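# Remarks on the overall topology
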Amino acid sequence: MAGIIRALVLPVARTLPWLPLAAGGTVGLLLVGVPRLVSGETPEEIALLLLRGAALAFGLGLAFLMDDPARHTTAGVPVRRAVRAGLRVALVAPVAVGWWTVALLLVPAEVRPPVGDMTLEAAATAVLALLAGAAAVRLRDEPEPGQAAAAALLLTGLVAPLLMPDRWTLFVQPHVDRWDEAHRSWAWLLAGAALVWAACLLEPVRRRRVRAVFTARS
């Protein structure tokens with residue numbers, strides 16, 4: 001198995017959607033960097049909003065991670081879907097970590113929101129993006145679910161702060177009483193999204209049964 005995975009690294013890396021990832025990352029860095037270059041000052045509330053916008057922008061790029069035009073022609077690869085998807089995530093993870101580090105450093109230290117809490121928000125957004133793409137592949141077997149997944153993530157990111165009841169809101173300002181409570185909710189959201197994402201990566205049971213029937217008949 002280890003040899004097969006090593007053999008898949010370069011082919012998988014070539015099929016990754018680097019253009020959407022680069023576009024989302026560039027937009028995110030511009031969001032947090034341009035105000036500082038233009039005015040030299042960034043209010044704390046604006047810095048928080050821009051970091052959340054940057055995380056969403058990069059998440060939109062991650063929503064394309066499961067895009068693979070050759071998915072139906074490579075279904076016979078002798079590794080499970082979870083391994084193939086995990087490999088895609090593993091190849092992008094160092095890029096995502098480096099990008100988020102740069103985004104945080106672009107925010108002046110004196111107005112930078114708590115790094116750990118903001119990283120939790122960004123991680124939850126990223127996993128939700130991965131979940132949207134994986135769910136489309138799982139439910140509809142889409143070879144390129146990125147556009148639909150990105151649209152769903154963007155709509156959720158824009159509508160959730162407006163429709164979510166105040167007692168459940170995740171989007172609070174720093175130095176308020178509900179900050180810690182909100183980020184406990186972010187942690188639960190991250191854990192739940194990760195579990196559902198992992199479930200979406202399992203091979204469909206019905207498909208395995210159909211293959212077993214045809215194998216037995218032959």
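Below is a short write-up of the structure. (Residues numbered from 1 in each chain as written. Predicted model: local features only at pLDDT ≥ 70, side-chain atom pairs only at ≥ 80, totals over all residues. Heavy atoms only, no water.)

### Here we look at the packing of helix H4 (residues 81-106) against helix H5 (residues 115-140)
A packed helix pair is summarised by two numbers, namely the angle formed by the two axes and the spacing between the axes. Orientation of H4 relative to H5, taken along the N-to-C sense of each, is 150°, at an axis distance of 12 Å. Here H4 is positioned roughly antiparallel relative to H5, judged by the angle of their axes. Note on packing geometry: the crossing formed by H4 with H5 is right-handed. Along its contact with H4, which presents Arg81, Val89, Trp100 and Leu104, the element H5 presents Val115, Met118, Thr119, Ala122, Leu130, Val137 and Arg138. Broken down by class, the residue content of the contact of H4 with H5 amounts to eight nonpolar, one polar and two charged. (Axes fitted to C-alpha atoms, helices over the stretch in contact; angles between N-to-C directions. Helix = DSSP H or I, 4+ residues; strand = E, 2+ residues; numbered from the N terminus. Parallel < 35°, antiparallel > 145°, perpendicular 65-115°, else oblique. Left-handed = near helix turned anticlockwise from the far one by under 90°. Contact = heavy atoms within 4.5 Å. Nonpolar A, V, L, I, M, F, W, Y, C, P; charged D, E, K, R; others polar.)

### Quick word on helix H6 (residues 146-163)
Compared with the 26 Å implied by 1.5 Å per residue over 18 residues, the 25 Å span of H6 between its first and last C-alpha is a close match. Here H6 has its buried residues at Gly146, Ala149, Ala150, Leu153 and Ala160. (Expected span 1.5 Å × (residues − 1). Buried < 20%, exposed > 50% of the residue type's maximum accessible area, 1.4 Å probe, protein only.)

### A look at the packing of aromatic side chains
What the rule picks out here adds up to three aromatic pairs. Ring centres 5.7 Å apart and planes at 85° place the aromatic pair phenylalanine 171 and tryptophan 186 in the edge-to-face group. Taken together, the residues phenylalanine 171 in the loop between H6 and helix H7 (179-200) and tryptophan 186 in helix H7 connect sequence positions 15 residues apart. Taken together through their ring pairs, the aromatic side chains of Phe58, Trp99 and Trp100 make up a single cluster. (Phe/Tyr/Trp six-rings, centres within 6.5 Å; stacked < 30°, edge-to-face > 60°.)

### Looking at the pattern of salt bridges
By the definition in use, this model includes one salt bridge. Between arginine 52 and glutamate 121 there is a salt bridge whose closest N-O contact spans 2.8 Å. With arginine 52 in helix H3 (residues 44-62) and glutamate 121 in helix H5, the pair connects residues that are 69 residues apart, well separated along the chain. You can call arginine 52 buried: its relative accessible area is 15%. When its relative accessible area of 3% is taken as the criterion, glutamate 121 is described as buried. (Salt bridge = Lys/Arg side-chain N within 4 Å of Asp/Glu carboxyl O.)

### Description of the packing of H3 against H4
It is the contact of H3 with H4, at a shortest axis distance of 11 Å, that shows an interaxial angle of 160°. With respect to each other, H3 and H4 are oriented roughly antiparallel. Remark: the crossing between H3 and H4 carries right-handed chirality. Contacts between H3 and H4 involve Leu51, Ala54, Ala55, Phe58 and Leu62 from the former and Val92, Ala96, Trp99, Trp100, Ala103 and Leu104 from the latter.

### Looking at the side chain of histidine 183
Tracing the backbone shows histidine 183 in helix H7. Excluding anything up to four places from it in sequence, histidine 183 contacts Asp117, Leu120 and Glu121.

### Quick look at a nonpolar patch on the surface
The grouping of Leu30, Val34, Leu37 and Val38 at the surface amounts to a nonpolar patch, some 430 Å² of accessible area in total. Following the sequence through the fold, valine 34 ends up in helix H2 (residues 18-39). (Patch = residues over 30% accessible without salt bridge, like charges linked within 9 Å, V, L, I, M, F, W, Y side chains within 5 Å. Areas by Shrake-Rupley, 256 points an atom, 1.4 Å probe, with all protein chains shown as cover.)

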